[in-house]
Amino acid sequence: MANTLSTPRIDLAATPFSRRGCWLAVSYPPAHYQVAGPGLYLRSLHARPIIQRELFRLDLLRGGEVIEHTAAATPGLLTLKPGGNGSAGNDDAEVRIALEAPATVRIHGRGVGLRLTAAIREKSLWPTVAYHEGPGRLAVNFRGALRRYEIIALEGPPPRLEGDWEGEHFTRASVGIEAPAWELAIDEFLSTWVDRRREPLDEVARSAAASCEQLTGGLPRVPAEFEATRALAGYLLWSATMSPCGRLGREATFMSLNWMDGVWSWDNVFNAVALAGADAKLAFDQMMVVADHQDEHGAYPDYIGDAFKHYNFSKPPVQGVLMDELARHRPRWFTPARRRALVDSIERFTRWWLEHRRYPGRRLCHYLHGNDSGWDNSTILHKGSPLIAPDLNAFLARQCQWLSRQHEKLGAAAKAKRWAKQADQLTADLLDELWNGEQFIGIKLPEDEPVACSSLVDCMPVLLGERLPGDIRAKLASRIETFITDHGIATEHPHSALYTPDGYWRGPIWGPSTMLIVLGLESIGQDALARSIAQRYCRTCRRSGFAENFDALSGAALRDPGYTWTASAFLMLAGRLKAAGA
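Each value, and the rule that gives it
- Residues numbered from 1 in each chain as written.
- Predicted model: local features only at pLDDT ≥ 70, side-chain atom pairs only at ≥ 80, totals over all residues.
- Heavy atoms only, no water.
- Helix = DSSP H or I, 4+ residues; strand = E, 2+ residues; numbered from the N terminus.
- Rg over C-alpha atoms; globule rule 2.2 N^0.38 Å.
- Buried < 20%, exposed > 50% of the residue type's maximum accessible area, 1.4 Å probe, protein only.
- Contact = heavy atoms within 4.5 Å.
- Areas by Shrake-Rupley, 256 points an atom, 1.4 Å probe, with all protein chains shown as cover.
- Lys, Arg positive; Asp, Glu negative; His and termini not counted.
- Charge placed at Lys NZ, Arg CZ, Asp CG, Glu CD.
- Pairing = 2+ DSSP bridges.
- Patch = residues over 30% accessible without salt bridge, like charges linked within 9 Å, V, L, I, M, F, W, Y side chains within 5 Å.
- Salt bridge = Lys/Arg side-chain N within 4 Å of Asp/Glu carboxyl O.
- Axes fitted to C-alpha atoms, helices over the stretch in contact; angles between N-to-C directions.
- Left-handed = near helix turned anticlockwise from the far one by under 90°.
- Phe/Tyr/Trp six-rings, centres within 6.5 Å; stacked < 30°, edge-to-face > 60°.
- Expected span 1.5 Å × (residues − 1).
- Core = buried A, V, L, I, M, F, W, Y, C linked by side-chain atoms within 4.5 Å.

Trainee: Explanation requested: the overall build of the protein chain in the structure shown.
Mentor: Across its full length, the protein chain holds 13 helices and 28 strands. In terms of overall dimensions, the protein chain is globule-like: its C-alpha atoms have a radius of gyration of 25 Å, near the 25 Å expected for 582 residues. Dimensions along the principal axes, computed over C-alpha positions, put the protein chain at roughly 75 × 50 × 50 Å. The 582 residues of the protein chain split such that 60% are buried. A separation threshold of at least 6 residues defines the contact pool for the protein chain, and within that pool the share at least 24 residues apart is 65%. Summing over all exposed atoms, the protein chain offers an accessible surface of approximately 21600 Å²; the carbon and sulfur share of this is 50%. A distance of 5 Å separates the average location of the 66 positive side-chain charges in the protein chain from that of its 67 negative side-chain charges.

Structure, rendered in structure tokens:
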């Protein structure tokens, strides 16, 4: 039975207002994105290399003058009310905003007007053009966003277009409407706008809220203290799920709707595991949206969005570890068709590492850059690359074990045996080459230089569990414990000379590293230590939201403030706490 659902508290400065399947959002972006001045913006979510995401600043109008507003968002409806500057006036005055997939905004006003100020950069090379298209409608063409936007009056007077035209484009443009009651629709389109039948705004909002509630209801159950945090996690994952578009042939859960808008090829795996109980197909799509773009060598793209992908870097092979985790909790998720598709793709990816990321004459695999490890600036790579890394080869050993078990289930005994042998060999080589008696190290190539560090990343071989000798398991547990702070587990030892409070992977707490360390500790029987880390992380999320990462010593949110894999790690860890009765 699912938890009683809480209503998520949506802070529009951290978590944009959007909905599943929609490529538009409304939020208060950081200052450097506020092209038309401070305020609330309608934003495009189409990803790199698009130059412009901010479309319009939204302001309430009374008597033709901008007035301050308050904003309250729920998973289906954003409501703006006059207030904040003593001009509240009629308490019933409001503007209500709902979104439709794939890219429509519905806006209804009562007792107050609205101005949409186009986000036009000064001296931009990407012109903005606006024009009337007929009675009650006009269009704005944002070259920088690669989209056009039709603004249609559904009720009340036609919208007014004002601005300054210079040569071939607007240098300033706004669209306004003010009447006792009015309603607009804003449709995104490419070349040709076509009208369509529209549901009432209230029905649009109701169906969105029901969709969010359905997804959230299937997420892992959590202890009572985390109910509200779970609701926000559900909203974040739901609202960041985009409909198929461009290069994305499936629904894709973006990492964020702020500025990390796209899919990176290990983030997706954490989201898939968290979503599996709520929406099995959506979870599978998170794995396959990347696999769809696997190249002829077996490599996954580092990043993919609707308009762009690249293979300049890779991401670590965590698929086997996390698919094991998914199978522990939801074995029935692995239908024969899903198992075959995943085995085919993950096997090719594993072979790519083994065949194309081994230096001539070496037994273990290497990274070519910190980005390949996912820990972009980790101190284990402070001397450069190529680097034979302990985390990479531990992941690969686990992945080979996973492939062996999958082939057994598929009745391919010979393949199962080969992958098991490869797992054994990688584990033996890892212990032989990278354990120095106290910790795991890297090896810088071609100098063959040992590289020790104070990064948590060198503890990742704990994921090998009982395959590690007892003394190594004990030393790893003791070393991991020294990284723990009041708020979770730091990625760089807090006493390290290279520790940086806002240092990305040189100190801050991250969801994926926390999740992997917890899994590793559980695999060596350190359940109490694993629960302690999980509880600290979940309480940090409760206090500071789902930021990209957190200051390890204060717990403060850092970088992108609304990140989906942070929420997914929370759901998996809080679910463990619930199961353990913590």
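Trainee: I'm lost on the side chain of D458 in this one. Help?
Mentor: The topology assignment puts D458 in the loop between strand 24 (449-451) and helix 10 (470-481). Those residues in contact with D458 that sit more than four places away from it in its chain are I380, P390, Q439, F440, C453, L476 and R479.

Trainee: What am I meant to see in the sheet that holds strand 24 here?
Mentor: Hydrogen bonds between backbone atoms are what pair the strands of a sheet, whose relative direction is either parallel or antiparallel. Taken together, four strands build an open sheet; the order of strands is 21-22-23-24 and the sheet is antiparallel. Each edge of the sheet is formed by a strand with only one pairing partner; in this case those strands are strand 21 (366-367) and strand 24. Sheet topology places strand 21 next to strand 22 (residues 387-388); two bridges connect them, and they run antiparallel. Note that in strand 22 the partner of H366 across the bridge is I388.

Trainee: Help me understand a nonpolar patch on the surface in this model?
Mentor: Together, I51, L125 and W126 line one region of the surface with nonpolar side chains, adding up to about 340 Å² of accessible area. W126 sits in the partly exposed class, given a relative accessible area of 33%.

Trainee: Before we go on, may I ask you to explain the pairing of strand 8 (residues 104-110) in this structure?
Mentor: Within a regular beta strand, the side chains point alternately toward one face of the sheet and then the other, so they alternate between its two faces. Among the seven residues in strand 8, six count as buried, and that is most of the element. Relative to strand 8, strand 7 (residues 94-100) runs antiparallel, the two sharing seven bridges. Along strand 8, the bridge assignment pairs E100 with T104. Counting the residues between successive antiparallel strands, the hairpin from strand 7 to strand 8 contains three residues. Strand direction decides the pairing type here: strand 8 and strand 15 (residues 181-189), joined by seven bridges, are antiparallel. Residue pairing across strands places R106 opposite A185, the latter belonging to strand 15.

Trainee: Help me understand the environment of V290 in this model?
Mentor: Tracing the sequence through the fold places V290 in helix 4 (residues 280-291). Assessed through its relative accessible area of 2%, V290 is described here as buried. It is 9.0 Å that separates the C-alpha atoms of V290 and D302, two residues lying 12 residues apart in sequence. When residues no more than four places from it in sequence are discounted, the contact partners of V290 are V263, S265, N268, Y300 and P301.

Trainee: What's the story with the pattern of salt bridges in this structure? I'm lost.
Mentor: When their charged atoms lie close together, side chains carrying opposite charge are able to pair. With the rule as written, the count across this model stands at 47 salt bridges. Two residues, R110 and E94, come together in a salt bridge whose shortest N-O distance is 3.4 Å. Of the two residues, R110 sits in strand 8 while E94 sits in strand 7, which places them 16 residues apart along the sequence. A relative accessible area of 37% means that R110 is categorised as partly exposed. With a relative accessible area of 12%, E94 lands in the buried category.

Trainee: What is the right way to read the packing of helix 1 (residues 201-217) against helix 2 (residues 227-239) from this model?
Mentor: For any two helices packed against each other, one specifies the inter-axial angle together with the distance between the axes. Packing of helix 1 against helix 2 brings their axes to within 9 Å, and their N-to-C directions diverge by 115 degrees. Crossing of helix 1 against helix 2: the hand is right-handed. On helix 2, the residues that touch A208, S211, C212, L215, T216 and G217 of helix 1 are R230, A231, G234, Y235, L237 and W238.

Trainee: Mind showing me how you'd approach the pairing of strand 10 (residues 128-134) here?
Mentor: In this structure, strand 10 lies alongside strand 11 (residues 137-142), joined through six bridges in antiparallel fashion. Along strand 11, the bridge assignment pairs V129 with N141. Taking the residues that link successive antiparallel strands as the turn, the strand 10-strand 11 hairpin has two residues, and the phi of G136 there is positive, at about 75 degrees.

Trainee: Looking at this structure, how should I read the packing of aromatic side chains?
Mentor: A complete count under the given rule lists 28 aromatic pairs for this structure. Ring centres of W165 and F170 lie 5.2 Å apart, and the angle between their planes is 85 degrees; this geometry places the pair in the edge-to-face category. Plain terms: the ring middles of Y537 and F550 are 6.4 Å apart, the flat faces sit at 80 degrees to each other, and that makes the pair edge-to-face. Here Y537 is found in helix 12 (residues 527-544), whereas its partner F550 is found in strand 27 (residues 549-550), with 13 residues between them in sequence. The class of F550 is buried, set by a relative accessible area of 0%.

Trainee: Even after reading the chapter, I still don't get helix 4, so can you show me in this structure?
Mentor: Since there are 3.6 residues in each turn of an α-helix, residues three or four apart along the chain are aligned in direction. With 12 residues, helix 4 extends 17 Å between its outermost C-alpha atoms, agreeing within 8% with the 16 Å of an ideal straight helix rising 1.5 Å per residue. In terms of burial, helix 4 is a largely internal element, 10 of the 12 residues being buried.

Trainee: Explain the sheet that holds strand 10 to me, please; I cannot follow it from the model alone.
Mentor: Strand order in the open sheet formed by eight strands is 5-6-7-8-15-12-11-10, and the pairing between neighbours is antiparallel. Two strands lie at the open edges of the sheet, namely strand 5 (69-73) and strand 10, each paired on one side alone. Neighbour-to-neighbour, the strand axes of this sheet turn through a mean angle of 20 degrees, independent of strand direction. Each of strand 7, strand 8 and strand 15 is contacted by helix 1, which is oriented at about 60 degrees to strand 7, the strand it contacts most.

Trainee: I'm lost on the nonpolar core in this one. Help?
Mentor: Nonpolar side chains tend to gather and get buried jointly when the protein is soluble and globular. Within the largest apolar cluster, 179 residues are counted, with the highest numbers of intra-cluster contacts made by F56, M323, L342, I517 and F570. Among the elements that take part in this core, helix 13 (residues 564-580) stands out by supplying nine residues, more than any other. Here M323 is in contact with V269, V273, M287, F334, L342, I346 and W402, once residues within four sequence places are set aside.

Trainee: Help me understand unusual backbone geometry, please; the structure alone is not making it clear to me.
Mentor: Glycine aside, negative phi is the norm for most residues, and most peptide bonds take the trans geometry. Looking along the chain, the bond that leaves A101 and enters P102 is cis, with omega of 5 degrees. At the junction of S385 and P386, the peptide bond is cis and its omega measures out at 5 degrees in the coordinates. Mapped onto the elements of the fold, P386 is located in the loop between helix 7 (370-373) and strand 22. Not every positive phi belongs to a glycine, and R559 is a case in point at roughly 60 degrees. Structurally, R559 is set in the loop between strand 28 (557-558) and helix 13.

Trainee: Would you explain the environment of I524 in this entry?
Mentor: As for its position among the elements, I524 is in the loop between helix 11 (511-523) and helix 12. For the pair formed by I524 and L463, sequence separation is 61 residues and the distance between their alpha carbons is 8.2 Å. Apart from the residues within four sequence positions on either side, I524 is in contact with V462, G465, E466, R473 and A477.

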